[in-house]
Amino acid sequence: MRTRTPLTRTVALVAAALLAAAGCAGNDSGDDTGAAAAPRTVKPVTGCGTGSWTDPADLAPDREPARCDKGAPAAQPLAKKRKITVATGTLSAEYVAPLQVAVSKGEFAKEGLTVELRVLPTPDALPLLAKGDVDAQWAAPEAAVMNGINGGFDIKWVAGNFSPDPTSKSGLWVRLKDGESAGHVDMAGRKMGTMIGKGSVIAYPMDTSLKKHGGGLDKISFQQLGSADVLTALQNGGVDSAWLLDPVWRKVDGDKKYAFLGGQPVGEPLGGLLFGPTLLTEDPDAGVAFLRAYIRTVNTYFSGDYKSDPAFVAELAKLMKIDEATLRSTPSMRMDWEIRKGTTDRLQQAYRDAGVSAGKPVPEEKAVDRAMYGEAVGHTL
């Protein structure tokens, strides 16, 4: 009989909360809950040409992310102003920076939106998204989200966030034993330190890297640690491998006692924006307006190597409340609003390998909606 780990129990509890919230939402929705939404008119958008959309099936590491011209797509202010609350697990991580810049530069305001970024742990935020107490979540299609969708809740992943620069070494690091090298490491039986856990989207690239070295999520043990403790545990022997994020991996890069085994796939975002029923069905105009402002922010401020601009790095460091030198120590992320084909399938396979999924796999069409960001750039699916 399999013993349920604390991480497995956490995912199960979050899923239960989501299902309870979904039930409450269903009781308040009236007779039109299952009605199909009317088709939306998609018009060409100035400044967003053929490069504003890429084939979702293109998983090439050197794929250029979709881009419009600077300042595009132009704002289309809503007839009635709208307040949107977005839950995010942190405001100090670089992948959240486009939202912070969009607020500070007034990009959301141009659309008639007042956006509040509220810091909430994912387990706390998901039930609120389910009930409509928050409108969106800057997170990822984690195991608890997929389990909730499987139970009938209306949450969809509507936009990506980033993929790493090819030179980034954010990912799986191991402390080498005698006779081991980066090309020859036996990961089976190792203890991994992580702040994320098996139910996170990082389970997918983690499982891929482990399997290349005789491991797998079912062949290692996990120790969940705080963000400040993961590196310390790796260095002092508390764990013998760890998932190190930007810029923490810089502390061991170049040290021959450690080896980098792999990270997030280049060119494939694993997180971004989740919408609940308020922006998916009740007020899709506001949902598209939010995505338009987000995409315009990426095109205007994050289109390339944004860290080559010292003034912008200083501005980001102030917004994120981190040291400028720390921000400059890692390469610019590839901010990317698109969602690749099959990502949720690969994620769910990793969740099954980790033993944290519930029920049948969720089909991509139930978990992903590309139509709203397509509308924002004038692309018809």
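The model shown is predicted, which means the values in this text are computed figures rather than measured ones. (Residues numbered from 1 in each chain as written. Predicted model: local features only at pLDDT ≥ 70, side-chain atom pairs only at ≥ 80, totals over all residues. Heavy atoms only, no water.)

Trainee: Got a minute to help me understand empty space enclosed by the protein in this structure?
Mentor: Scanning all chains against the criterion turns up 3 cavities of 30 Å³ or more. Within this model, the largest cavity holds a volume of roughly 70 Å³. Of all the secondary-structure elements, those providing two or more residues to the lining of the largest cavity are α5 (143-150) and α12 (343-354). (1 Å grid on protein atoms, 1.4 Å probe; cavity = no way out; pocket = protein on both sides within 12 Å on 5 of 7 lines; lining within 4 Å. Points joined across faces, edges and corners; volume = space filled by probe spheres on them. Helix = DSSP H or I, 4+ residues; strand = E, 2+ residues; numbered from the N terminus.)

Trainee: Please clarify how the packing of aromatic side chains should be interpreted in this entry.
Mentor: Taken as a whole and judged by the stated rule, the model has 10 aromatic pairs. Taken together, a centroid distance of 5.4 Å and an interplanar angle of 70° make the contact between Phe302 and Phe312 edge-to-face. Here Phe302, found in the loop between α9 (284-301) and α10 (310-320), pairs with Phe312, found in helix α10; they are 10 residues apart in sequence, far enough to count as distant. The buried category is assigned to Phe312, whose relative accessible area is 8%. The rings of Tyr301, Phe302, Tyr306 and Phe312 are connected pair by pair, giving a single aromatic cluster. (Phe/Tyr/Trp six-rings, centres within 6.5 Å; stacked < 30°, edge-to-face > 60°. Buried < 20%, exposed > 50% of the residue type's maximum accessible area, 1.4 Å probe, protein only.)

Trainee: Just checking my understanding: could you explain the sheet that holds strand β1 (residues 82-88) for this structure?
Mentor: Remark on secondary structure: sheet strands pair via backbone hydrogen bonds, oriented parallel or antiparallel. What the 5 strands build is an open sheet, ordered β2-β1-β3-β11-β4; its pairing is mixed. Lying at the two open borders of the sheet, with one neighbouring strand each, are β2 (113-119) and β4 (156-160). On average, each strand axis in the sheet is inclined to that of its neighbour by 30°, with strand direction left out of account. Strand direction decides the pairing type here: β4 and strand β11 (residues 272-275), joined by 4 bridges, are antiparallel. Across the sheet, residue Ala159 finds its bridge partner in β11, namely Leu273. The strands touched by helix α4 (residues 122-131) are β1, β3 (136-139) and β11; relative to β3, the strand with the most contacts, the crossing angle is about 150°. (Pairing = 2+ DSSP bridges. Axes fitted to C-alpha atoms, helices over the stretch in contact; angles between N-to-C directions. Contact = heavy atoms within 4.5 Å.)

Trainee: Where do I start with the confidence of the model for the protein in this structure?
Mentor: Caution is warranted with low-pLDDT regions, since their predicted coordinates should not be read in detail. Confidence in the prediction for the protein averages 88 pLDDT; 90% of positions are at 70 or higher. Of the regions scoring below 50 in pLDDT, residues 1-13 engages in 14 contacts with residues more than four places distant in sequence or in other chains. Long-range and interchain partners of residues 21-36, a stretch whose pLDDT sits below 50, account for 6 contacts in this model, where long-range means more than four residues apart. (pLDDT = per-residue confidence, 0-100.)

Trainee: Got a minute to help me understand helix α6 (residues 203-211) in this structure?
Mentor: Note on helix geometry: an α-helix contains 3.6 residues per turn, so any two residues three or four positions apart are oriented the same way. The element α6 is largely enclosed, with a buried count of 7 among its 9 residues. Residues Ala203, Tyr204, Pro205, Met206, Asp207, Ser209 and Leu210 constitute the buried set of α6. Elements in contact with the buried residues of α6: β6 (171-175), β7 (191-194), β8 (221-224), β9 (241-244), β10 (258-263) and α12.

Trainee: Explain the environment of Leu210 here, please?
Mentor: Tracing the chain through its elements places Leu210 in helix α6. Residues Leu210 and Leu172, 38 residues apart in the sequence, show an inter-C-alpha distance of 8.5 Å. The residues contacting Leu210, other than those within four sequence positions of it, are Leu172, Met187, Met192, Gly215, Gly216, Leu217 and Ile220.

Trainee: Can you walk me through unusual backbone geometry in this structure?
Mentor: Glycine aside, negative phi is the norm for most residues, and most peptide bonds take the trans geometry. With an omega of -5°, the peptide bond between Ala72 and Pro73 qualifies as cis. Checked against the element boundaries, Pro73 lands in the loop between α1 (6-28) and β1. Cis peptide bonds are those with omega within 30 degrees of zero, and the linkage from Asp246 to Pro247 qualifies with -10°. By the element assignment, Pro247 lies in the loop between β9 and β10. We note that Lys321 has phi near 60°; this positive angle belongs to a residue other than glycine. With respect to the helices and strands, the residue Lys321 is situated in the loop between α10 and α11 (324-328). Judged by relative accessible area, which is 75%, Lys321 ranks as exposed.

Trainee: Would you explain the nonpolar core in this entry?
Mentor: Where a protein is soluble and globular, its nonpolar side chains tend to be buried together. Among the nonpolar cores identified, the biggest contains 93 residues, and Leu273, Phe275, Phe290 and Tyr294 are the most heavily contacted of them. Here this core gets 9 residues from one element, more than from any other, and that element is α9. (Core = buried A, V, L, I, M, F, W, Y, C linked by side-chain atoms within 4.5 Å.)

Trainee: Help me understand the packing of helix α2 (residues 97-104) against α10, please; the structure alone is not making it clear to me.
Mentor: Relative placement of two packed helices is described by the angle separating their axes and the distance separating the axes. At a minimum axis distance of 10 Å, the contact between α2 and α10 shows a crossing angle of 95°. Put simply, α2 runs roughly perpendicular to α10. Listed contacts from α10 to Ala97, Gln100, Val101 and Ser104 of α2 are Phe312, Glu315, Leu316, Leu319 and Met320. Looking at the contact of α2 with α10 residue by residue, the classes come out as 6 nonpolar, 2 polar and 1 charged. (Parallel < 35°, antiparallel > 145°, perpendicular 65-115°, else oblique. Nonpolar A, V, L, I, M, F, W, Y, C, P; charged D, E, K, R; others polar.)

Trainee: Whenever I open this one, the pattern of salt bridges confuses me. Can you help?
Mentor: A side chain of one charge can pair with a side chain of the opposite charge if their charged atoms are brought near each other. Tallied over the entire structure, the rule returns 24 salt bridges. Here Asp285 ties to Arg40 by a salt bridge, and the two come within 2.8 Å at their closest N and O atoms. In this pair, Asp285 is assigned in helix α9 and Arg40 in the loop between α1 and β1, connecting sequence segments 245 residues apart. Since its relative accessible area comes to 37%, Arg40 is described here as partly exposed. Here Glu338 ties to Arg63 by a salt bridge, and the two come within 3.7 Å at their closest N and O atoms. Remark: Arg63 occurs in the loop between α1 and β1 and Glu338 occurs in the loop between β12 (334-335) and α12; sequence separation between them is 275 residues. Pair check on accessibility: Glu338 and Arg63 agree, each one buried. Among the ionic contacts, a cluster of salt bridges with common partners joins Glu107, Lys110, Glu111, Arg292 and Arg296. (Salt bridge = Lys/Arg side-chain N within 4 Å of Asp/Glu carboxyl O.)

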